[in-house]
Structures are given as structure tokens and as C-alpha cells.
Amino acid sequence: MFQDEVRKQMFELRGEIDPMRLVVQEQLDKQAKLDYELKGVLNTVNETEDVSEKIQKSLEKYRRETYYTKQSLDDLQVHLQHQEKLVVIQNTEGHLIWRIDQFEKRFEESQQSEFMLKSPLFSNRQFGYTLRMEASLNGIGTWRGRNMIVGLVVVNGFYDNLLEWPCVLSGTITLRDQPEVRTKPRVDYRRSIVARRKHQSNDKNQNIHIPHQVLRSEHYIRDDAIFLEVRIDQ
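Residues numbered from 1 in each chain as written. Predicted model: local features only at pLDDT ≥ 70, side-chain atom pairs only at ≥ 80, totals over all residues. Heavy atoms only, no water.

Visitor: Run through helix α2 (residues 103-112), naming residues and quoting values.
Guide: All of the buried residues along α2 are Phe103, Phe107 and Ser110. Projected onto a plane normal to the axis of α2, the buried residues spread over an arc of 60° and lie on a single side. Turned more than 90 degrees away from the buried face of α2, the exposed residues are Glu108 and Gln112. Looking at the buried side of α2, the elements it contacts are β4 (130-136), α3 (212-215) and β10 (226-232). (Buried < 20%, exposed > 50% of the residue type's maximum accessible area, 1.4 Å probe, protein only. Helix = DSSP H or I, 4+ residues; strand = E, 2+ residues; numbered from the N terminus. Arc of directions from axis to C-beta. Contact = heavy atoms within 4.5 Å.)

Visitor: Report on the sheet that holds strand β7 (residues 189-194), specifying residues and quantitative values.
Guide: Spatial ordering of the open sheet is given by β1-β10-β6-β7, a layout of four strands whose pairing is antiparallel. The sheet terminates laterally at β1 (95-100) and β7, the two strands that pair on one side only. Direction aside, the axes of adjacent strands within the sheet are offset by 20° on average. (Pairing = 2+ DSSP bridges. Axes fitted to C-alpha atoms, helices over the stretch in contact; angles between N-to-C directions.)

Visitor: Help me get a handle on the packing of aromatic side chains, residues and values and all.
Guide: Per the stated rule, a full pass over the model turns up four aromatic pairs. Ring geometry for Phe127 versus Tyr159: centroids 5.2 Å apart, planes at 90°, classification edge-to-face. Of this pair, Phe127 sits in the loop between β3 (122-123) and β4 while Tyr159 is found in the loop between β5 (147-155) and β6 (170-175), placing the two residues 32 residues apart along the sequence. Phe127 gets classed as partly exposed once you look at its relative accessible area, which sits at 48%. (Phe/Tyr/Trp six-rings, centres within 6.5 Å; stacked < 30°, edge-to-face > 60°.)

Visitor: Account for the nonpolar core, with residues named and values stated.
Guide: The tendency in soluble globular proteins is for nonpolar side chains to be buried as a group. The biggest cluster of nonpolar side chains holds 32 residues, and the ones touching the most others in it are Leu131, Met133, Val150, Leu152 and Leu228. Residue assignment for this core shows that the elements contributing at least two residues are β1, α2, β4, β5, β6, β7, β9 (207-211) and β10. If we skip the residues at most four places from it in the chain, Leu131 touches Pro120, Leu121, Phe122, Ser123, Asn124, Leu152, Val153, Val154, Val155, Leu169, Ala195 and Ile232. (Core = buried A, V, L, I, M, F, W, Y, C linked by side-chain atoms within 4.5 Å.)

Visitor: I'd like a description of unusual backbone geometry, backed by residues and values.
Guide: Trp165 connects to Pro166 through a cis peptide bond whose omega is -5°. Tracing the backbone shows Pro166 in the loop between β5 and β6. Within the chain, Gln102 stands out as a residue other than glycine whose phi angle is a positive 50°. Inspection of the secondary structure assignment puts Gln102 in the loop between β1 and α2. Phi at Asp224 takes a positive value of approximately 60°, unusual for a residue other than glycine. As for its position among the elements, Asp224 is in the loop between α3 and β10. Judged by relative accessible area, Asp224 falls into the partly exposed class, the value being 32%.

Visitor: Tell me about the confidence of the model for the protein, and name the residues and values.
Guide: The share of residues in the protein with pLDDT of 70 or more is 69%, and the mean pLDDT across the chain is 79. Taking the mean pLDDT of every element in the protein, the minimum, 64, falls on helix α1 (residues 2-90) and the maximum, 96, on β10. (pLDDT = per-residue confidence, 0-100.)

This is how it looks when you write it as C-alpha cells:
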């Protein structure tokens, strides 16, 4: 009887243990699955950190390259401004001779629009006003198609804040004759002119008009080029 009772209790315990084993096994399986998923997440995090680190390094490289590029552009701009300044400083006598090449091509272009050709910059004196000539080969306004128009313009300069305004500058513009025989006297075409500020309304003597029939006479055009000379009154 005692043995039967023991067998019965053991059987009952076995019946309770087996389900517990199943529950434990399920928990172990779940834990194993969670461990696997956690490992995958950690790998993903590591990969993400690697990618993030690479992105960060790329951004740092981009920032450095952008900085150096901007620095180079700033240096280039300063250099160009310095070069322009040198051009003005080198011509401070109030005297400029401007050669206009490819005259016939530019004359045809001028027939299509009122585009103004612009001369190199010069100054009336050291640390003075900055000027340049402008020319429309086919003319503008009522003179279009019959005259070449030449003007003298005061542009923004480096020393404007030290100069008196409004400025009053007068001078002489000359269309230079180019005789083939140098011993032959030149027949230059001269006119007085008054300098004007850019976009200032045109007053008397602020443009000179050279008729096309005069322009194509003598030897004003030679080797497809003309010379315009300006001297500022001192």
C-alpha cells in the first residue's frame, strides 16, 4: 500500500513537472529568440554607428573643402580687385589711347543693338576720379545709323569718398588718323567733351558724334581697327 501511494504521488508530480518543463522550454526558446534579435539589433546599431561615423567624416571633409574653396574664392576676389586697382593706378595721367579691334564685326553688332563698347579704366590723376570711354559704333537715339557716339563716363572708383562731388571734368577726344605714309600729316578728328556720371542725363558736350562718312574717310580705319584718344584737361 505504501509503495502504491508513493508511485501515485510520483506520477502526480511527473504530471505537474512535464507541463512546467514545457513552459520552461518555451521561455528558453523565447529567450533564445530575444537574444538572437538583440544580437541583430546590436549589429544594426554597430553598422549604423559605422555609417554615422562615415557620414560625420564625410561632412567634416565637406566642411573643410568648402572652407578652403571659399577662402580661395575670397583670395581670388581680393587679387582681382587689387589687379583692377593696379590698372587704374598705372594710368593716372588723364590720358588714354583706346584701340578698338575687329571694327567691321563690331559695327555690324552695333547695328543690331545699342550696345556700348567700354574702354579700359584710367584716372585723371593719382588717387583721382576713375573714368573710361564708351562708344556706340552705329550711334544711339536720333544719331543712330548716321554717327558713331563716344562718351566719357565717371565710374565708381577706389577714392571716391575722398574726392569732391559733383565732379567737373572736361577734355578732348580724338579719332586718330592712321596714314600709311608716316611723312604725311595726320588728319585727326578732335572734339571737346565733358565727363558725366553713369546714368546721368546727357547734357551738352557729354557725347561727341562722329559721322560715318567722316569715320570712313582718310585713314581712321586701318587693319580693321580704330584708335580713340582722350586727354583730360588739367
